[in-house]
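# Observations on chain architecture
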Amino acid sequence: MKKTIYSAIFLLLLAACYTPMNNSGVATTKPWLEIPGKKTDFDGKQYDSCYRFNVRFWPQEAAGELDLKESCISACCWRSDKEEVVLDFNKNFDTQLAATGRARKYSPGKITLKVTHANWINTSKVTVSPKSAITTSGLIKLSYKEYENPTRIAELNEQARQAKVAQAAALTRAASSTTTAKTSSAKPTASSAAIVHTVSSGNELAKLILQQKAGNKIDNYFYHMDKTYKKQGAVFMVSERYFTVQKDGSITCNAKARTGLDTAHLKASTFSCGTWWVDTSAQTVTPLDKRAKLIWGE
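Residues numbered from 1 in each chain as written. Predicted model: local features only at pLDDT ≥ 70, side-chain atom pairs only at ≥ 80, totals over all residues. Heavy atoms only, no water.

The next thing to look at is the sheet that holds strand β15 (residues 284–287). Taken in spatial order, the 4 strands of this open sheet run β12-β13-β14-β15, and their pairing is antiparallel. Each edge of the sheet is formed by a strand with only one pairing partner; in this case those strands are β12 (235–245) and β15. Averaged over neighbouring strand pairs, the angle between their axes works out to 30° when direction is ignored. Across 4 bridges, the pairing between strand β14 (residues 267–279) and β15 is antiparallel. (Pairing = 2+ DSSP bridges. Helix = DSSP H or I, 4+ residues; strand = E, 2+ residues; numbered from the N terminus. Axes fitted to C-alpha atoms, helices over the stretch in contact; angles between N-to-C directions.)

Here the structure, examined in full by the defined rule, presents 12 aromatic pairs. The ring of Trp-78 is capped by Lys-39, whose NZ or CZ atom sits 4.5 Å from the centre of that ring. Directly above the ring of Tyr-147 sits Lys-105, whose terminal nitrogen or CZ lies 5.8 Å from the centroid. (Phe/Tyr/Trp six-rings, centres within 6.5 Å; stacked < 30°, edge-to-face > 60°. Lys NZ or Arg CZ within 6 Å of the ring centre and 35° of its normal.)

Tracing the backbone through its elements, the reader meets Ser-250 in the loop between β12 and β13 (251–260). At a separation of 2.7 Å, a polar atom in the side chain of Ser-250 contacts the side chain of Asp-248. Filtering out sequence-adjacent residues up to four positions away, Ser-250 remains in contact with Thr-244, Val-245, Thr-275, Trp-276, Trp-277 and Leu-288. (Polar contact = N/O pair within 3.5 Å; in protein donor to acceptor, adjacent residues only side chain to side chain. Contact = heavy atoms within 4.5 Å.)

As a further point, take the state of the cysteines. A full pass over the atoms with the stated rule returns 3 disulfides. Between the sulfur of Cys-50 and that of Cys-76 lies a disulfide, 2.1 Å long from S to S. Its S-S torsion of about 90° marks the bond between Cys-50 and Cys-76 as right-handed, since a negative value means left-handed. You can see Cys-50 sitting in strand β3 (residues 46–53) and its partner Cys-76 sitting in the loop between β4 (56–58) and β5 (77–78), a full 26 residues away along the chain. (Disulfide = S-S within 2.5 Å.)

Before going further, it helps to spend a moment on the sheet that holds strand β6 (residues 84–88). The strand order across the open sheet formed by 4 strands is β1-β9-β8-β6, and the pairing between neighbours is mixed. Edge strands, defined here as strands with exactly one partner in the open sheet, are β1 (27–28) and β6. Here β6 pairs with strand β8 (residues 110–118) via 5 bridges, running antiparallel. Within the sheet, the bridge partner assigned to Asp-88 lies in β8 and is Lys-110.

The next subject is unusual backbone geometry. Most peptide bonds adopt trans geometry, and most residues besides glycine take a negative phi value. Cis geometry marks the peptide bond from Trp-58 to Pro-59; its omega dihedral reads 0°. Summarising the element assignment, Pro-59 is placed in the loop between β4 and β5. Notably, Cys-72 is not glycine yet its phi reads approximately 60°, a positive angle. Its identity as a non-glycine residue notwithstanding, Asn-122 has a phi of 50°, on the positive side. Within the secondary structure, Asn-122 sits in the loop between β8 and β9 (123–129). Assessed through its relative accessible area of 21%, Asn-122 is described here as partly exposed. (Buried < 20%, exposed > 50% of the residue type's maximum accessible area, 1.4 Å probe, protein only.)

In structure tokens, the structure reads:
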């Protein structure tokens with residue numbers, strides 16, 4: 001009788017703790033732990049498996065701080081190669097703060113996931129640290145604080161002011177060159193070349209080319225971000241985009257936005273739309289970081 005009771009209790013515990021088997025025939029302790037593939041020996045016992053974390057993020061942009069493939073989120077990872085995964089949401093904090101003068105610091109900053117397998121019950125287990133970092137449904141909900149570097153922001157504002165002055169001067173000179181070309185017998189091609197040469201003396205031509213070549217892709221990126229927010233019942237309101245030329249000649253793209261769970265609780269944020277390289281002579285654009293490559297479609 002006691003044996004029967006113990007067996008019943010054991011079965012109830014299994015039912016409470018483990019999810020049904022997925023398509024590879026392996027049970028998991030969390031519904032968001034997927035096992036798309038496995039390797040077994042001659043006795044049919046599993047000695048390796050490919051796992052994937054089917055998780056979601058709040059705020060959604062926190063996912064942009066991770067390499068989703070290396071984090072076993074957008075692709076599965078073999079347990080023999082990587083039993084433990086660390087999601088580090090603050091690894092780019094110092095770089096972003098230095099580059100844009102603004103950055104978020106998330107909490108928890110790191111989440112550790114360790115996958116193990118028990119052959120005797122054919123179940124793969126994931127251990128999460130901190131334990132409450134991921135909900136049962138697979139939602140990673142983070143809090144964050146916005147940090148600012150006033151000195152860097154002042155530098156960027158001064159660069160933007162100087163760029164506007166240079167742009168206005170370039171446009172004035174270009175307009176003057178166009179007027180002169182129209183009233184003279186000079187060839188149109190020579191006039192066009194003079195205008196391009198005038199504008200290219202500053203950074204504005206590079207920004208203009210970036211807007212022309214990648215502007216629609218950037219807008220589309222934020223359009224899909226808005227749809228993602230709406231699916232999660234949240235609000236995403238993006239406004240102006242602005243481009244900043246860095247000392248190495250690359251151009252960073254950022255956008256102002258307000259986000260929140262509803263319109264009554266919106267926070268002002270800055271969203272990256274990538275770092276780019278513009279060849280003004282060839283009039284080509286090259287995405288440099290993973291965000292720009294995602295937007296560009298690589």
